[in-house]
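Results of the structural survey
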Amino acid sequence: MCMAMEAREPSTGPQHVCIVGLGYVGLPLAIEFWKQGLRVTGIDVDRRKISLLKSGKSYLTDVEDASMAALAQSERFDSSTAFDAVAQADAIILCVPTPLDDQGHPDLRFVLGAAHSISQHLQQGQLVVLESSTFPGTTEDHLRPVLEQSGWSAGTDFSLAYSPERINPGSRYDMRDIPKVVGGIDHLSLERASALYAHVFRRIVPVSSPRVAELTKLVENTQRFINISAMNELAVLCHKWGIDLWEAIDAAATKPYGFTPYYPSPGAGGHCIPVDPLYLDWFSTLQGDPVRFIQLARAVNDRMPTYVADRILRMCASPHPRVLLLGVTYKPDVNDVRESAGLKVFAELLDRQAAVSYFDPYVPLVRVNGQDIASLPDLIPEQIASFDVVALLVGHRVVNYERILAHARAILDTQNLFRHHRAAKVTPL
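Rules used in this analysis
Residues numbered from 1 in each chain as written. Predicted model: local features only at pLDDT ≥ 70, side-chain atom pairs only at ≥ 80, totals over all residues. Heavy atoms only, no water. Helix = DSSP H or I, 4+ residues; strand = E, 2+ residues; numbered from the N terminus. Rg over C-alpha atoms; globule rule 2.2 N^0.38 Å. Buried < 20%, exposed > 50% of the residue type's maximum accessible area, 1.4 Å probe, protein only. Areas by Shrake-Rupley, 256 points an atom, 1.4 Å probe, with all protein chains shown as cover. Lys, Arg positive; Asp, Glu negative; His and termini not counted. Charge placed at Lys NZ, Arg CZ, Asp CG, Glu CD. Arc of directions from axis to C-beta. Patch = residues over 30% accessible without salt bridge, like charges linked within 9 Å, V, L, I, M, F, W, Y side chains within 5 Å. Salt bridge = Lys/Arg side-chain N within 4 Å of Asp/Glu carboxyl O. Core = buried A, V, L, I, M, F, W, Y, C linked by side-chain atoms within 4.5 Å. Contact = heavy atoms within 4.5 Å. Axes fitted to C-alpha atoms, helices over the stretch in contact; angles between N-to-C directions. Parallel < 35°, antiparallel > 145°, perpendicular 65-115°, else oblique. Left-handed = near helix turned anticlockwise from the far one by under 90°. Nonpolar A, V, L, I, M, F, W, Y, C, P; charged D, E, K, R; others polar. Disulfide = S-S within 2.5 Å. Polar contact = N/O pair within 3.5 Å; in protein donor to acceptor, adjacent residues only side chain to side chain.

Helix and strand counts for the protein chain stand at 13 helices and 16 strands. A globule of 429 residues ought to have a C-alpha radius of gyration of about 22 Å, and the protein chain, at 23 Å, matches this closely. Within the protein chain, buried positions represent 52% of all 429 residues. Carbon and sulfur atoms form 52% of the exposed surface of the protein chain, whose accessible area is close to 19300 Å². One way to put it: in the protein chain the 40 positive side-chain charges average out to a point 4 Å from where the 48 negative ones average out.

Following this line, the structure appears as structure tokens:
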């Protein structure tokens, strides 16, 4: 049974935490443990990240250089590409990627590779926690056997747990206020993992097993994926009907119960929403019980970039369309382009011989259809006016939208940012 509890500062517990994977999940988590007075060692196979860490420079939009500089100067933090420090840690947390392979199936190579490296240094009495999004059974059926290659037994010699990451890049949400779900392979593992996370998180949510914790993350993102895809399908229909879907959603959201607003987009992107549900789809299909809603949502989501490219080109009066794309990250205020719908729209337009430029203050260079393309350095009025269509794909807060509105010939607004400026030149998605 799931029972949320307020986190208490543990009287005893881990004093040295090793975090494997210093990306959007691992680095902010490392900083929070460090802030609470623990010794933290960060491990990442990306030498560029380690070099930036040691020089006190941030590579994430959510982490300021000042925080990185403080880490670099601290005696309680160090970072490396080597796994030797695992032997000295009380707890090891894995925050490595879990992408999809070429067939759209779960790809555990980063998890299992990190586990193999950890197993060579694992010590009796340590705690290992996996945070990477994955399918039910990964911790016990895939991670555990690799760790036990060390010669130690999980549950007897070391503790093992799963706790899904819930980071939301670009939201400025205080990580400490996000309830932390934890599932251990036994009671001691659950207790130790809960005590570990109580150093940082104000509320711990223990569940009965790693499988329940693993499913929790998939349920969260599957719900979002299905609902966003439903709004995307409605957006296509509402455009045909001449109805403003955004206005209808806002009106529906005035209902004080039973309705959660979701909004259309060029396609759900990022490392979670379009990926995690496919882990559940793969797992359920393997069990002989496919979740058909996920498959339908995927089909809708996959066709949205083509639909958006079609809309853009239909707005171009010139036989040689010139298009400016605003934003190519997967969401606002981050520098992450994983599964970016904007890049897929970009590729579609290039395939159709459009002349495409883009502006994104967080991404100075992208690779699309085999070519490297640089962002415009700034939004100059004369440049804005030279494009047939400006397509707003991602709503970064630092962009001057008043300048866009004043000088663009035509705007496709996929983010509803110009909702108060509906005019002949602005078309909502």
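This part is about helix H6 (residues 187–197). Listed in full, the buried residues belonging to H6 are Ser189, Leu190, Ala193, Ser194, Leu196 and Tyr197. Each buried residue of H6 sits inside an arc of 155° when the element is viewed along its axis, so together they form one side.

Side chains of Leu234, Leu237, Trp241 and Ile243 sit close together on the surface and give an oily, nonpolar patch of about 370 Å² of accessible area. By the secondary structure assignment, isoleucine 243 is in the loop between helix H7 (210–241) and helix H8 (245–252). Given a relative accessible area of 47%, isoleucine 243 falls into the partly exposed group.

Now for the nonpolar core. Core analysis: the biggest nonpolar cluster contains 36 residues, and Ile19, Leu27, Phe33, Leu53 and Ile93 have the highest contact counts within it. Listing elements by their share of this core, those giving two or more residues are strand S2 (16–20), helix H1 (26–35), helix H2 (47–55), helix H3 (65–73), strand S5 (91–94), strand S6 (127–130) and H6. Element by element, the count of residues in this core is highest for H1, at 6 residues. Beyond its immediate chain neighbours, meaning those up to four positions away, isoleucine 93 contacts Val17, Cys18, Ile19, Val20, Leu29, Phe33, Val129, Glu131, Leu196 and Tyr197. Membership of the second largest hydrophobic core comes to 31 residues, among which are Met304, Val308, Val323 and Ile373.

Time to look at the packing of H1 against H3. One can describe the packing of H1 onto H3 by two numbers: an axis separation of 11 Å at closest approach and a directional angle of 60°. Considered as vectors, H1 and H3 are oriented oblique to each other. With respect to the hand of their crossing, H1 and H3 are arranged in left-handed fashion. In this structure, H1 contributes Leu27, Ile31 and Trp34 to the contact, and H3 contributes Ser67, Met68, Ala70 and Leu71. Of the residues in the contact of H1 with H3, the class split is 6 nonpolar, 1 polar and no charged.

The next subject is the state of the cysteines. Considering all chains together, one arrives at 0 disulfides under this definition. The thiol of cysteine 272 is unpaired, and the distance to the nearest cysteine sulfur, on cysteine 95, comes to 12 Å. Taking the relative accessible area as the measure of exposure, cysteine 272 reaches 10% and is therefore buried.

Even without glycine at this site, glutamate 339 takes up a positive phi of about 55°. Structurally, glutamate 339 is set in the loop between strand S10 (322–326) and helix H11 (341–351). The residue asparagine 369 is not glycine, and still its phi comes out positive at about 50°. Along the chain, asparagine 369 falls in the loop between strand S12 (365–368) and strand S13 (371–374).

Moving on, we come to the side chain of aspartate 388. Relative to the helices and strands, aspartate 388 resides in the loop between helix H12 (381–385) and strand S14 (389–392). Residue aspartate 388 is classed as buried on the basis of its relative accessible area, which comes to 10%. Polar side-chain contacts of aspartate 388 include one of 2.7 Å to the backbone nitrogen of arginine 322. Of the polar contacts made by the side chain of aspartate 388, one reaches the side chain of arginine 409; its length is 3.2 Å. Ignoring any residue separated from it by four or fewer positions in sequence, one finds aspartate 388 in contact with Cys316, Ser318, His320, Pro321, Arg322, Arg409 and Ala410.

Once that is clear, we can look at the environment of serine 265. Inspection of the secondary structure assignment puts serine 265 in the loop between H8 and helix H9 (276–286). Along the sequence, serine 265 and arginine 403 sit 138 residues apart, while their C-alpha atoms lie 23 Å from each other. Filtering out sequence-adjacent residues up to four positions away, serine 265 remains in contact with Ile228, Asn232, Met304, Thr414 and Leu429.

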